[in-house]
Amino acid sequence: SMGEIAGIYQASPELYLDLALLTSGFSGDKISFSDGNMLILDKSGQRVVSVDTSTKKTEIAAGPDVLKNATEVAAYTDKDYVVDDSGISELGDSPRVVVAKDWEGEIKLTAYTGNLYILDKTTSVVYRYQGSGGVFAAKEIWFGEGVSPDLSGALSMAIDGSVWVSEDGGRILKFTNGKQDPLNIKGVDSRLGGVASLFDGEDG
């Protein structure tokens, strides 16, 4: 009766898809989802797999012949993006660099409303690249003037109009209209021990 009394539920996960059947030794490190399109990155094997969640149709979107130290993926409707040594590339029959690398260190990537957003852990800044017809403009700082949070411990980023950032230690930060919002997490009976990833609600 814990669910009815305290709102605490325990669920047993079920196997959805075994990607090792598609490619031997596949290990998913990063995952992104948009409009029924799931994108999964295997960093050690330098492989990206795409999954149509309505049919479970699975295919290799890119392999080590294309990827050069890939670290992030982002799905947006029918577009697949990956971050590697070249910058941000759109995957497809002929992968192309859409944003040349102009950062140092680790970044987090998210696509939202046709734009690309990166969180640069070295500078603790969120940048936006506005997109139009598959072309992206020069980056602009998303934060408002005087907003300078410490994002060096960021683990993941999600966007639903606001920018959400998870950090080491279980802390979650929220930013709206370029400034930080106070955030109180409700319905959790104890402090979060760790947040590996965030998911935005754009897909409902």
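Look up a bit, the structure's there.
**Structural notes on the side chain of Gln46**
Point 1. Locating Gln46 in the fold gives a position in the loop between strand 2 (37-42) and strand 3 (47-52).
Point 2. Relative accessible area serves as the criterion here: at 12%, Gln46 is assigned to the buried category.
Point 3. Reaching out from Gln46, the side chain makes a polar contact with the backbone nitrogen of Ala70 at a distance of 2.6 Å.
Point 4. Apart from the residues lying within four places of it in its own chain, the contact partners of Gln46 are Ala62, Gly63, Pro64, Leu67, Lys68, Asn69 and Ala70.

**Side note on the sheet that holds strand 17 (residues 172-176)**
Point 1. Pairing is antiparallel across the open sheet formed by four strands, whose spatial order is 15-16-17-18. The open sheet is flanked by strand 15 (154-159) and strand 18 (179-181), the only strands paired with a single partner. The average angle at which neighbouring strand axes cross in this sheet is 30°, direction not considered.
Point 2. Summarising the sheet, strand 15 and strand 16 (residues 163-167) pair through five bridges and their orientation is antiparallel. Looking across to strand 16, one finds that Ser156 is bridged to Ser166.

**Re the nonpolar core**
Point 1. Within the largest apolar cluster, 17 residues are counted, with the highest numbers of intra-cluster contacts made by Tyr81, Ile88, Val99, Trp103, Leu109, Leu116 and Ile118.
Point 2. Listing elements by their share of this core, those giving two or more residues are strand 5 (72-76), strand 6 (79-84), strand 8 (96-100), strand 9 (107-112), strand 10 (115-120) and strand 11 (125-129).
Point 3. Excluding residues that lie within four positions of it along the chain, Leu109 makes contacts with Glu72, Val73, Ala74, Tyr81, Val83, Ile88, Leu116, Tyr117, Ile118 and Met157.
Point 4. Among the nonpolar cores identified, the runner-up in size contains 14 residues, and Tyr112, Trp142, Ala154 and Phe175 belong to it.

**Remarks on the sheet that holds strand 6**
As a general point, the strands of a sheet are linked pairwise by backbone hydrogen bonds and lie either parallel or antiparallel.
Point 1. Pairing is antiparallel in the open sheet, where four strands are placed in the order 5-6-7-8. In this open sheet, the two edge strands, each paired with only one partner strand, are strand 5 and strand 8. The sheet shows a mean angle of 25° between the axes of neighbouring strands, direction not considered.
Point 2. Pairing geometry for strand 6 and strand 7 (residues 87-90), over four bridges, is antiparallel. Bridge pairing links Val83 to Ile88 in strand 7.

**Details of the packing of aromatic side chains**
Between two aromatic rings, the relevant description is the distance of the centres plus the angle of the planes.
Point 1. In total, this model carries three aromatic pairs according to the counting rule given.
Point 2. An angle of 55° between the planes, with centres 5.0 Å apart, marks the rings of Phe143 and Phe175 as tilted. Within this pair, whereas Phe143 is found in the loop between strand 14 (140-141) and strand 15, its partner Phe175 is found in strand 17, the two being separated by 32 residues in sequence.
Point 3. Among the aromatic residues, those joined into a cluster by ring pairs are Trp142, Phe143 and Phe175.
Point 4. In this structure, Lys56 is placed above the aromatic ring of Tyr16, and the distance from its NZ or CZ to the ring centre is 4.7 Å.
Point 5. When the ring centre of Tyr127 is taken as origin, the NZ or CZ atom of Lys139, which lies over that ring, is 4.2 Å away.

**What to know about the pairing of strand 6**
Point 1. Along strand 6, five of the six residues are buried, which leaves the element largely enclosed by surrounding structure.
Point 2. Across five bridges, strand 5 lies against strand 6 in antiparallel orientation. Paired with Ala74 across the strands is Tyr81, a residue of strand 6.
Point 3. Once strand 5 ends, the chain turns through two residues before running back antiparallel as strand 6, passing Thr77 with a positive phi of about 50°.
Point 4. Here strand 6 hands over to strand 7 after two residues, the two strands then running antiparallel side by side.

Cut-offs and rules
Residues numbered from 1 in each chain as written. Predicted model: local features only at pLDDT ≥ 70, side-chain atom pairs only at ≥ 80, totals over all residues. Heavy atoms only, no water. Helix = DSSP H or I, 4+ residues; strand = E, 2+ residues; numbered from the N terminus. Buried < 20%, exposed > 50% of the residue type's maximum accessible area, 1.4 Å probe, protein only. Polar contact = N/O pair within 3.5 Å; in protein donor to acceptor, adjacent residues only side chain to side chain. Contact = heavy atoms within 4.5 Å. Pairing = 2+ DSSP bridges. Axes fitted to C-alpha atoms, helices over the stretch in contact; angles between N-to-C directions. Core = buried A, V, L, I, M, F, W, Y, C linked by side-chain atoms within 4.5 Å. Phe/Tyr/Trp six-rings, centres within 6.5 Å; stacked < 30°, edge-to-face > 60°. Lys NZ or Arg CZ within 6 Å of the ring centre and 35° of its normal.

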